[in-house]
Amino acid sequence: MGKEKIIILGFGFLILLIGFFGIRRIKSLNAKIGDQKQNVEKSTQRLEYLKALEKSLEERRAKGKVLVQIPRAQDPIANKVLMKKFLQSFLSRLGLEAEVKVENERKSRDFPDVVQVNEVPLKIGIKDYSSYEQMIRMLNEFKNFPFVVETFTIGGTDVAVPGNVRVQLKYYVILEGS
């Protein structure tokens, strides 16, 4: 009977160990599932916010209202998409079809550290334009926004984007709290 008791106690101990570590593993997996659900909820909220923003912008455009600034979101990728869509819409309103490249937002070296301003480098390549007046009208429209034209070239290759007219801009973003 001694061997049987040892075997039964061994199996009992083994079942307890499996149960203990199994419960810990289940709790760990439940915590990971909870975290994933929260991430999905946050992503869904961000998507709903961006859809509402896009709908609002479409309504404003349909009513003919002009924006005084480019809308911003909490997400840097969403900001890049908004900037690109805004510029394409802005240029199409002027009768220009363009390819727009938006780079990552970064701290601006053009302003002192006391003033917190970021910049977004932009590159625009315009394929066809009807006249130089159209280009001047575009540059005058840029004055209504916090844009700075760094490079403007007709037929040159100074800006790495396809098109006959190439423009390199900076869009300045004033940070909250400054």
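Here, the structure is the one placed above.
Fair warning: this is a prediction, and the values are worked out from it, not measured in the lab.

**Q** So what's going on with the packing of aromatic side chains? Residues and values would help.
**A** When we look at a pair of aromatic rings, we describe it by the centre distance and by the angle of the planes. By the definition in use, this model includes nine aromatic pairs. One aromatic cluster is present, formed by F86, F90, F142, F145, F147 and Y171 through successive ring pairs.

**Q** So, the pattern of salt bridges: which residues are in play, and what are the values?
**A** Evaluation of the coordinates by the stated rule reveals five salt bridges. With its nearest N and O atoms 3.4 Å apart, the salt bridge here joins K123 to E103. Of this pair, K123 sits in strand 3 (residues 117-126) while E103 is found in the loop between strand 1 (98-102) and strand 2 (106-107), placing the two residues 20 residues apart along the sequence. Classification of K123 as buried rests on a relative accessible area of 18%. E150 is paired through a salt bridge with K170; the nearest N and O atoms lie 3.2 Å apart.

**Q** Requested: an account of a nonpolar patch on the surface, with residues and values cited.
**A** Residues I7, F11, L14 and I18 make up a contiguous nonpolar surface patch of about 420 Å² in total accessible area. Relative to the helices and strands, I7 is located in helix 1 (residues 2-63).

**Q** Describe the nonpolar core, naming the residues involved and giving the relevant values.
**A** Counting residues in each nonpolar core, the largest one holds 25 residues, and the members touching the most others are L87, L122, I124, M138 and F147. Each residue touching L87, except ones within four places of it in the same chain, is listed here: V100, L122, I124, F142 and F147. Formed by five residues, the second largest nonpolar core is a distinct cluster that contains L53, L57, A73 and A78.

**Q** Break down helix 3 (residues 132-142) for me, citing the residues and quoting the values.
**A** All of the buried residues in helix 3 are Q134, M135, M138 and F142. Seen end-on, helix 3 carries its buried residues on one side only, within an arc spanning 100°. Residues Y132 and E133 are exposed on helix 3 and point more than 90 degrees away from its buried face. Residues of helix 3 that are buried in the fold lie against helix 2 (76-93), strand 3, strand 4 (147-154) and strand 5 (165-174). In this structure S131 caps helix 3, since a side-chain oxygen of it lies 3.4 Å from the backbone nitrogen of E133.

**Q** Run through the side chain of Q134, naming residues and quoting values.
**A** Within the secondary structure, Q134 sits in helix 3. Side-chain polar atoms of Q134 contact the backbone oxygen of L94, separated by 3.0 Å. In contact with Q134, other than residues within four places in its own chain, are L94, G95, L96 and Y129.

**Q** Requested: an account of the environment of V120, with residues and values cited.
**A** The topology assignment puts V120 in strand 3. Take V120: its relative accessible area is 4%, and that puts it in the buried class. Note: C-alpha distance between V120 and K3 (117 residues apart in sequence) is 77 Å. Ignoring any residue separated from it by four or fewer positions in sequence, one finds V120 in contact with M83, V102, E103, E105, L169, K170, Y171 and V173.

What counts, and where the lines are drawn
Residues numbered from 1 in each chain as written. Predicted model: local features only at pLDDT ≥ 70, side-chain atom pairs only at ≥ 80, totals over all residues. Heavy atoms only, no water. Phe/Tyr/Trp six-rings, centres within 6.5 Å; stacked < 30°, edge-to-face > 60°. Salt bridge = Lys/Arg side-chain N within 4 Å of Asp/Glu carboxyl O. Helix = DSSP H or I, 4+ residues; strand = E, 2+ residues; numbered from the N terminus. Buried < 20%, exposed > 50% of the residue type's maximum accessible area, 1.4 Å probe, protein only. Patch = residues over 30% accessible without salt bridge, like charges linked within 9 Å, V, L, I, M, F, W, Y side chains within 5 Å. Areas by Shrake-Rupley, 256 points an atom, 1.4 Å probe, with all protein chains shown as cover. Core = buried A, V, L, I, M, F, W, Y, C linked by side-chain atoms within 4.5 Å. Contact = heavy atoms within 4.5 Å. Arc of directions from axis to C-beta. Polar contact = N/O pair within 3.5 Å; in protein donor to acceptor, adjacent residues only side chain to side chain.

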